[in-house]
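# Summary of the model geometry
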Amino acid sequence: MFQDNCFFEEKFSSIIKVKGPDKFSFLQGIISNDTEILKTKLSLYAAILTPQGKFLSDFILSIYEDNILIELKSENLDLVMKKLSIFKLRSNVTFEVLNDFKIYLLNKNSLEIFKKIKFKNTFSDPRFNNLFYRVYIFGKQKVTNLENNDFYLLKQEEYQSLRLLHAIPDFSIDAISNKSLLMEMRFNCLNGISWDKGCYLGQEITARMYYRKITKKQISQVKIKFKTFINQKILLNGSEVGFLTSYDKKNGLAYISKNILENYRNEDFKSGDSVLSIYDPWWSSNFNS
C-alpha cells in the first residue's frame, strides 16, 4: 500500500491501556475476537457490539509491556470507555487513556527507521496480510529521519485516496453506529471475529447471520467512471440497490444488496450521472486467515 520512504501519521485515533491480571478474560466476554490470540500474536482486530449485535466501534488490540493497548477512533473513545467501565464489575483491570504518543502507518521496508527508538510498539495491521504496518511511538521521542524530509508524509487526502484504492474500510465512515451488522461489514474477512470462543456481547445475531447465510447486504469495492457528480444512492436500471459510504472520483466503498451481488454483478450501476462497477474487496477471501 505504502511506497518506501512514505508514511502517514494517524492523528484521529486514541489509545486505551488495559492492565491488570484479568485483562484477557475481561475483554474476552465483550469483544468479537479471541483475546487468547494476543498470547501468540502481536495484534488483534475486533469490535464491540450492542446486545442486539449492532456495531458500536472497531479497534486494534496489541500487547505492550504486559498491557493490552486498544487503538480506536477518537470519536468513539467516550463510548468505549463507558462500556468498559459498565462491564468491569469485579474484574481486576484498570483503564488509562494515553495522551503522549504518535501512530505511524508505513510499509515493512520503512520500519528500519524506527530501529533505534526505545519506547515503541510495531506490528502488521491485523486485518490484512502484511499490507502495511503500524508503529506507536510513546513519549516525546523524535524520529530524526522523518523530520529531516528523508520520508514523505502523506497528506490526509492522499492517504484517503490510497485507502479507497485498496478498499480499506474506515468503519467510522463505512458503517452506521448502532445499526450496521458485522456480517454486512464482512468483518469475518477482516480477521475480526472468532467462531470458536465463548459468548460475547452481540454474539448470537452475528453467529446466526453467518451460519444461516441471511445477510441482506454487504460492503463492496466500487470503481467509478466519474462524469460530473455522485450521490450516495446506487441505482441499477433506475431502482435503488445500495448506497456509497466513502468515495472519491475513482474508487469507493458501498453496501450493495446481496441478491444484486449474486445476480447482477457485471452490470453497470449509476450514482448521480457517474457509472460504477462493483467488486468483492480483495481481502474478502481472508476468512480469518
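This text follows the structure it describes.
What counts and how
Residues numbered from 1 in each chain as written. Predicted model: local features only at pLDDT ≥ 70, side-chain atom pairs only at ≥ 80, totals over all residues. Heavy atoms only, no water. Buried < 20%, exposed > 50% of the residue type's maximum accessible area, 1.4 Å probe, protein only. Helix = DSSP H or I, 4+ residues; strand = E, 2+ residues; numbered from the N terminus. Pairing = 2+ DSSP bridges. Phe/Tyr/Trp six-rings, centres within 6.5 Å; stacked < 30°, edge-to-face > 60°. Lys NZ or Arg CZ within 6 Å of the ring centre and 35° of its normal. Salt bridge = Lys/Arg side-chain N within 4 Å of Asp/Glu carboxyl O.

## A short note on the pairing of strand 3 (residues 43-49)
Along any regular strand, the residues point their side chains to alternate faces of the sheet. Among the seven residues that make up strand 3, seven are buried, leaving the element largely enclosed by the rest of the structure. Burial along strand 3 is two-sided: the residues Ser-43, Tyr-45, Ala-47 and Leu-49 and Leu-44, Ala-46 and Ile-48 are all buried. Relative to strand 4 (residues 55-64), strand 3 runs antiparallel, the two sharing seven bridges. Bridge pairing in strand 4 places Tyr-45 opposite Ile-60. Connecting strand 3 to the antiparallel partner strand 4 that follows it, the hairpin turn spans five residues, and Gly-53 within it adopts a positive phi of roughly 85 degrees.

## Quick notes on the environment of Glu-96
Tracing the chain through its elements places Glu-96 in strand 6 (residues 94-97). Looking at Glu-96, the relative accessible area reads 35%, which means it is partly exposed. Sequence separation between Glu-96 and Ile-15 is 81 residues, and the spatial gap between their C-alpha atoms is 8.5 Å.

## Some thoughts on the packing of aromatic side chains
One pass over the structure, following the stated rule, counts 19 aromatic pairs. Residues Tyr-210 and Tyr-211 carry aromatic rings whose centres are separated by 4.9 Å and whose planes lie at 70 degrees to one another, so their mutual orientation is edge-to-face. Its relative accessible area of 54% is what places Tyr-211 among the exposed residues. Members of the aromatic cluster, connected to one another through ring pairs, are Phe-2, Phe-8, Phe-128, Phe-132, Tyr-159 and Trp-282. Across the ring face of Phe-24, the terminal group of Lys-39 is positioned such that the distance to the ring centre comes to 5.0 Å. For Arg-127, the ring lying beneath its charged end belongs to Tyr-45, and the centroid distance is 5.6 Å.

## Let's talk about the pattern of salt bridges
What the rule picks out here adds up to 16 salt bridges. Between Lys-115 and Glu-112 there is a salt bridge; the shortest N-O distance is 3.9 Å. One exposure class covers both Lys-115 and Glu-112, and it is exposed. Three or more residues joined by partner-sharing salt bridges are found here, namely Glu-71, Asp-125, Arg-127 and Arg-134.

Treat this as a map of the structure, not an account of what it does.
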